Amino acid sequence: MQRPDPDEYPPLSLVVPEPEVRPGGQPDFSHVAIPRAGTVRRPDVDADPEGIRDLAFTIIRVLNREGQAVGPWAEGLDITPEELLAGLRHMMTLRIYDARMLNAQRQQKTSFYMQHLGEEAISCAFQRALAPGDMNFPTYRQAGLLIAAGYPLSSMMNQIFSNAEDPMLGRQLPVCYSSREHGFFSISGNLATQFIQAVGWAMASAISGDCKISAAWIGDGSTAESDFHAALVFASTYKAPVVLNIVNNQWAISTFQGIARGGAGTFAARGLGFGIPSLRVDGNDYLAVLAVAKWAAERARRNLGPTLVEYVTYRAGGHSTSDDPSAYRPAEESTAWPLGDPILRLKNHLIALGIWSDERHQQAEAEILAEITEAQKRAEAIGTLHHGQHPSPAGMFEDVYAEMPPHLLKQRHEAGF
Amino acid sequence: MARMTMIEAIRDALDVAMGADPSVVVFGEDVGYFGGVFRCTAGLQAKYGKTRCFDTPINESGIVGAGIGMAAYGLKPVVEIQFADYMYPAYDQIVSEAARLRYRSAGQFTCPMVIRMPTGGGIFGGQTHSQSPEALLTHVTGLKTVVPSNPRDAKGLLLAAIEDPDPVIFMEPKRLYNGPFDGHHDRPVTAWKSHELGEVPEGHYTVPLGKAVVRRQGRAATVLSYGTMVHVALAAVEESGVDAEVIDLRTLLPLDMETIAASVNKTGRCLVLHEATLTSGYGAELAALVQAECFWQLEAPVRRVAGWDTPYPHTHEWSYFPGPARVAEALRQLVEVA
């Protein structure tokens, strides 16, 4: 074996991708190619994945700058004014709820909180494409699934405050909600584990001859985890009735999306190697998200297999209350985000339709704030992290097993319960 | 009654469970068409169809993760990890997910699944086909861990595991798949068909989880062991001439401390025997429990005999794991302590 000639092969060097701009720089999203609303085609749900590969590299958009719903994805939507108004209300509720809970964390009423600011359309719209009995396997930034499914805000707050009415009995970090009845699987802090579980759940539905489908959720950063790839291979192999959702909000805490994406053109493109139809959608466009979610859910329900959807959005807030985004990205970057604000965009659409107005919007904001404030008062009256009533510590020993084994019973007695 | 190997008994248990309950599904690498590398699932796909017994991609985390989703849906998955050594890629799903699902969802979601894995050495499998990772699993709260030592128990314990509402790790000592093993690789293997515990009842029965059994009555010392080492212990007791009681734990968690304490309080001496490496092994837990429960009846310190703290050496397999000679010597020393 001969050593390579250093004249022919200069020393190797490692590539470490960097975002375009760092704090102090000018925000720049010129590299994000954004097609005009209504210009991307809508294939039939039984389209051959090979024939729609281009949808993994574009952005499906419905709402244009004038607030009109345009193009083939709008035409396929079939949505009533009541449903549109409900969608707006869900997003507004999530935003106001977020603000109140963020504040509650600053007041030390809870240890931790995670906001959805800028991403409200994704979970709120997606839930409207599901039916009772379907199951989401969410991450920590999809509380909109619960709000749009009608889960009580007071139950969410009780979980945040870990009080005596916390449905999780004080065992989970704040925001780790769970409701089987509302199609919301228990959240794990370990990333991507739920992605393959969602596929397994969908496989079980198919094995059982049921007609329920599941939805898997993951962030752009966590697509680097092995379980993401496990989920794609299983979903692809068994054509599981699952919608595989990637929320690309540009940032995995302080790490920009280019680190997890590697050489792939887009996150959606990851699905192409598995023969999974893969679509990229404007995550700040409620109608586009709903249209794509309905398309993907319909495919799953018709036993046509999985669909991968990348939601292109921007995490306007911090990763969590423990995060300071100004340390790693320009402060103005969120306002420079070219896809706009999801609530404002749907609001403008409703105004353009003549079923909404600035006055009614303000009034709705006041109503929702009052409703949330009222729920918060009730929750706080029960207890917050350091005050009031909490679940009994005796319950700490329950649910480790269906029946408490002798060694655990002994420890419970030792603890004095 | 039928005479069976442990492989046949395991297959029979799966057959009985799948026949009785359509929610039982079996999957893993090679388990479908081919019936698994050890053939434990042979014939099940032909009998129950390929959506109830099927092959998976080589992705242990995917196998367990998909199983968790299925269990949460309401099925009873019995998944196979081809060798216990390949549990590590699935460890996060086992530890952080399967074991905690009931707890973290306050009982809204549960995980009634069984994770089968051939375990232990003695078949020249080298360092990646011979490990006994039970201590890594018994340390995890929320899991139950079972290790059968014979065909009759294997079937009854597996049926109990499948019917259990919690995730159960079912470790199958592969050295016992075809016959009992007394630690002498150079002697002919006894066939299960000539062993009383190779007599396996037909149809449905269970051996309850969490119950140990006394395999040999004795007065001078108690040997605690499980799986392959139960047979080594029995051989060692004969070789040592020490009248020792041999307990087969069968379930490591939950542990049958009552049977253990009754025996040690009677004999006053205890030897813990396992094939896994010594340090921080499951034997440490047993020794600590015996010390705490039986201290005033003990006439000698609890002794441990275990695999050396090295990876499993392919060529030196017979020097590595505890054979009857090492155990017999330890037993003799144990009873010599005044």
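The shown structure was predicted, so the numbers you read here are calculated from the model rather than taken from an experiment.

Caption draft 1: Structural view of the packing of aromatic side chains. This structure, assessed with the given rule, holds 27 aromatic pairs over all chains. Here F397(A) and F417(A) contribute two aromatic rings whose centre-to-centre distance is 6.4 Å and whose plane-to-plane angle is 50°, an arrangement assigned as tilted. With F397(A) in the loop between β9 (387-388) and α13 (406-414) and F417(A) in the segment after α13, this pair connects stretches of sequence that are 20 residues apart. For F417(A), a relative accessible area of 36% gives the class partly exposed. Aromatic side chains Y312(B) and Y320(B) sit 4.4 Å apart centroid to centroid with 45° between the ring planes, which places their arrangement in the tilted category. Neither residue differs from the other here; Y312(B) and Y320(B) are each classed as buried. Members of the aromatic cluster, each reached through a chain of ring pairs, are F234(A), Y238(A), F27(B) and F54(B). If you follow R171(A) out to its NZ or CZ, it ends over the ring of Y103(B), 4.2 Å from the centre. The ring centre of F34(B) lies 4.4 Å from the NZ or CZ of R39(B), which sits over that ring.

Caption draft 2: Up close: the sheet that holds strand β6 (residues 278-282) of chain A. Residue and element names in this part refer to chain A. Taken together, the 5 strands give an open sheet; going across it, the order is β1-β2-β3-β7-β6, and neighbouring strands pair in parallel fashion. Single-partner strands in this sheet number two, and they are β1 (135-137) and β6. The sheet shows a mean angle of 20° between the axes of neighbouring strands, taken without regard to direction. Of the strand pairs in this sheet, strand β3 (residues 242-248) and strand β7 (residues 307-312) are connected by 6 bridges, and their pairing is parallel. By the bridge assignment for β7, I246 is matched with E310. On top of the sheet, helix α7 (residues 226-238) reaches β2 (214-219), β3 and β7; it is set at about 150° to β3, its chief contact.

Caption draft 3: Just a nonpolar patch on the surface, in detail. Residue and element names in this part refer to chain A. Taken together, L14, V16 and I259 make up a surface patch of nonpolar side chains, about 330 Å² in accessible area. Position of V16 among the secondary structure elements: in the segment before α1 (72-75). Here V16 falls in the exposed class, since its relative accessible area comes to 55%.

Caption draft 4: Focus on the UniProt feature "domain: Transketolase-like pyrimidine-binding" (unreviewed entry) in chain B. Sites flagged by UniProt as "domain: Transketolase-like pyrimidine-binding" (unreviewed entry) map to residues 4-179 of chain B. End-to-end, the C-alpha atoms of residues 4-179 of chain B are 9 Å apart, and along that stretch the chain is 36% helix and 16% strand.

Caption draft 5: Structural view of the side chain of R315(A). All names here are of chain A. Following the sequence through the fold, R315 ends up in the loop between β7 and α10 (333-336). In terms of polar contacts, R315 uses its side chain to reach the backbone carbonyl oxygen of G317, at 3.0 Å. Of the polar contacts made by the side chain of R315, one reaches the side chain of Y328; its length is 2.4 Å. R315 has contacts with L117, E119, R141, N249, W251, I253, D323, P325, Y328 and R329, leaving out every residue within four places of it along the chain.

Caption draft 6: Fine view of the packing of helix α6 (residues 193-207) of chain A against helix α4 (residues 91-98) of chain B. As a packed pair, α6(A) and α4(B) sit with axes 11 Å apart at the nearest point and diverge in direction by 85°. Looking at the two axes, α6(A) sits roughly perpendicular to α4(B). Residues T193(A), I196(A) and Q197(A) of α6(A) touch α4(B), and the partners they reach there are D92(B), Q93(B) and E97(B). Here the residues of the contact of α6(A) with α4(B) sort into 1 nonpolar, 3 polar and 2 charged.

Caption draft 7: Examining the interface of chain B and chain A more closely. The interface of chain B with chain A comprises 41 residues on the first partner and 41 residues on the second. Interface area lost by chain B to chain A is led by Y73(B), Y103(B) and R104(B), which between them contribute 24%. In this assembly, chain B and chain A are joined by 1 salt bridge. Of the charged contacts, one joins K410(A) and E293(B) as a salt bridge, the two residues approaching to 3.0 Å between their closest N and O atoms. Summed over the shared surface of chain B and chain A, the result is 23 residue pairs in polar contact (both at pLDDT 80 or more). Counting residues per element, the ones that place at least two in the side of chain B that touches chain A are β3 (53-55), α3 (60-73), α4 and α5 (101-104) of chain B.

Rules behind the numbers
- Residues numbered from 1 in each chain as written.
- Chains lettered and ligands numbered in written order.
- Predicted model: local features only at pLDDT ≥ 70, side-chain atom pairs only at ≥ 80, totals over all residues.
- Heavy atoms only, no water.
- Phe/Tyr/Trp six-rings, centres within 6.5 Å; stacked < 30°, edge-to-face > 60°.
- Helix = DSSP H or I, 4+ residues; strand = E, 2+ residues; numbered from the N terminus.
- Buried < 20%, exposed > 50% of the residue type's maximum accessible area, 1.4 Å probe, protein only.
- Lys NZ or Arg CZ within 6 Å of the ring centre and 35° of its normal.
- Pairing = 2+ DSSP bridges.
- Axes fitted to C-alpha atoms, helices over the stretch in contact; angles between N-to-C directions.
- Contact = heavy atoms within 4.5 Å.
- Patch = residues over 30% accessible without salt bridge, like charges linked within 9 Å, V, L, I, M, F, W, Y side chains within 5 Å.
- Areas by Shrake-Rupley, 256 points an atom, 1.4 Å probe, with all protein chains shown as cover.
- Salt bridge = Lys/Arg side-chain N within 4 Å of Asp/Glu carboxyl O.
- UniProt positions renumbered as here; feature names shortened; annotations may be inferred.
- Polar contact = N/O pair within 3.5 Å; in protein donor to acceptor, adjacent residues only side chain to side chain.
- Parallel < 35°, antiparallel > 145°, perpendicular 65-115°, else oblique.
- Nonpolar A, V, L, I, M, F, W, Y, C, P; charged D, E, K, R; others polar.
- Buried area = accessible area lost by both parts, 1.4 Å probe.

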